[in-house]
Amino acid sequence: MKPLEVMIVEDQHLLREGLKAMLEADGSVSVVSLAGSAEEALDVLLTSSCEVILMDITLPQRDGVWCIRSIRERGSQIPILVVTSHEQDRTVRDALSAGANGYELKLSTPEELRRALQEVRRGGSYVQPTLLRAMITSMAEPVKPSRSELDLLALAAERGAGYVAMHNSGGADKTDTAFPDGVVAAVRSFFEKALAAA
């Protein structure tokens, strides 16, 4: 199978090279371009292509949220997975609102990161359940999670899913068969409410 082509946007050289080595270790991912800033990332995208962009939030001058928004304003629909150390729910909401397709933490395992990359490449979204739970608990009135949304968190914790997949088609693909019907739609509904309240 052809390796997934990824662009890494990370300002710290050691982390950038470390992510590249880690992702390419099993042959399922090929890092085709690297950028150390938001501006450099936009320039690279003018002359090269990739299937997924791996984006840090903390970048010099312009941050990752600005970069994500700029990429979307240019009309690009390349899936963007945020990989950062920021766990604040406000940062998660800002990134998703700007157009990110997923949000992962740098403490994730290589397997979790590769799974997140594949998920957003397929057109889904990926958010760690711990971050989703934090968003729910921090939400103020009048926006509250529904019973279905809360049930999803319990299900993810019980089954050790490690991720929540949401698809633009409104239905789950074959990777989501462990979840009951309607769960994906419930999560999408939650994110719409959370972003509206941001």
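One can find the structure itself at the top, above this paragraph.
A. Layout of the overall build of the chain. Along the backbone of the chain there are 8 helices and 7 strands. The burial tally for the chain puts 47% of its 198 residues in the buried class. The contacts in the chain between residues at least 6 apart in sequence include a share of 65% that link residues at least 24 apart. For the chain, the accessible surface area stands at approximately 9500 Å², while carbon and sulfur atoms represent 52% of it.

B. Just the pairing of strand S1 (residues 4-9), in detail. The buried fraction of S1 amounts to 5 of the 6 residues, a majority that puts the element mostly inside the structure. Bridge count for S1 against strand S2 (residues 29-35) is 6 bridges, and the pairing is parallel. Pairing of Val9 across the sheet is with Ala35, part of S2. As a crossover connection, the stretch from S1 through helix H1 (residues 13-24) into S2 is right-handed.

C. Highlighting the pairing of strand S6 (residues 124-127). Residues Gly124 and Tyr126 point to one face of S6 and Ser125 and Val127 to the other, with burial holding for every one of them. In this structure, strand S5 (residues 102-105) lies alongside S6, joined through 2 bridges in parallel fashion. Counted as the bridge partner of Gly102 is Tyr126 from S6. This β-α-β element, S5 to helix H5 (residues 110-121) to S6, shows left-handed connectivity.

D. A look at the side chain of Ser108. Considering the arrangement of structural elements, one finds Ser108 in the loop between S5 and H5. We classify Ser108 as buried; its relative accessible area is 11%. Polar contacts involving the side chain of Ser108 include one to the main-chain carbonyl oxygen of Leu105, which spans 2.7 Å.

E. A look at the nonpolar core. If you look at the biggest cluster of nonpolar residues, it comprises 28 residues, and the most contacted ones within it are Met7, Val9, Ile53, Met55 and Tyr103. Contributions of two or more residues to this core are made by S1, helix H2 (38-47), strand S3 (52-55), helix H3 (64-73), strand S4 (80-84), helix H4 (89-98) and S5. Residues in contact with Met7, not counting those within four places in the same chain, are Ser33, Ala35, Ala41, Val44, Leu45, Cys50, Val52, Ile53 and Leu54. Membership of the second largest hydrophobic core comes to 16 residues, among which are Ile8, Leu19, Val31 and Val52.

F. Structural context of the environment of His86. Relative to the helices and strands, His86 resides in the loop between S4 and H4. Looking at His86, the relative accessible area reads 24%, which means it is partly exposed. For His86 and Tyr103, which are 17 residues apart along the polypeptide, the C-alpha to C-alpha distance reads 9.8 Å. Sequence-distant contacts of His86, defined by excluding residues within four places in its chain, comprise Ile57, Thr58, Thr91, Tyr103 and Leu105. Within polar-contact distance, the side chain of His86 engages the side chain of Thr58 at 2.6 Å.

G. Region of interest: the side chain of Arg72. Take Arg72: it is sitting in helix H3. Within the structure, the side chain of Arg72 is placed 3.1 Å from the backbone oxygen of Gly99, a separation counted as a polar contact. Among all residues touching Arg72, those that are not within four sequence positions of it are Gln77, Ile78, Pro79, Ile80, Ala98, Gly99 and Asn101.

H. Summary view of the packing of H3 against H4. With their axes 8 Å apart at the nearest point, H3 and H4 run at an angle of 15° to one another. Classified by the interaxial angle, the pair formed by H3 and H4 is roughly parallel. Considering how the two elements wind past one another, H3 and H4 form a crossing that is left-handed. Facing Val65, Ile68, Arg69 and Arg72 of H3, the residues of H4 in contact are Asp94, Ala95 and Ala98. Residue classes in the contact of H3 with H4 are distributed as 4 nonpolar, no polar and 3 charged.

Procedures and definitions
Residues numbered from 1 in each chain as written. Predicted model: local features only at pLDDT ≥ 70, side-chain atom pairs only at ≥ 80, totals over all residues. Heavy atoms only, no water. Helix = DSSP H or I, 4+ residues; strand = E, 2+ residues; numbered from the N terminus. Buried < 20%, exposed > 50% of the residue type's maximum accessible area, 1.4 Å probe, protein only. Contact = heavy atoms within 4.5 Å. Areas by Shrake-Rupley, 256 points an atom, 1.4 Å probe, with all protein chains shown as cover. Pairing = 2+ DSSP bridges. Right-handed = clockwise from strand over helix to strand, strands pointing away. Polar contact = N/O pair within 3.5 Å; in protein donor to acceptor, adjacent residues only side chain to side chain. Core = buried A, V, L, I, M, F, W, Y, C linked by side-chain atoms within 4.5 Å. Axes fitted to C-alpha atoms, helices over the stretch in contact; angles between N-to-C directions. Parallel < 35°, antiparallel > 145°, perpendicular 65-115°, else oblique. Left-handed = near helix turned anticlockwise from the far one by under 90°. Nonpolar A, V, L, I, M, F, W, Y, C, P; charged D, E, K, R; others polar.

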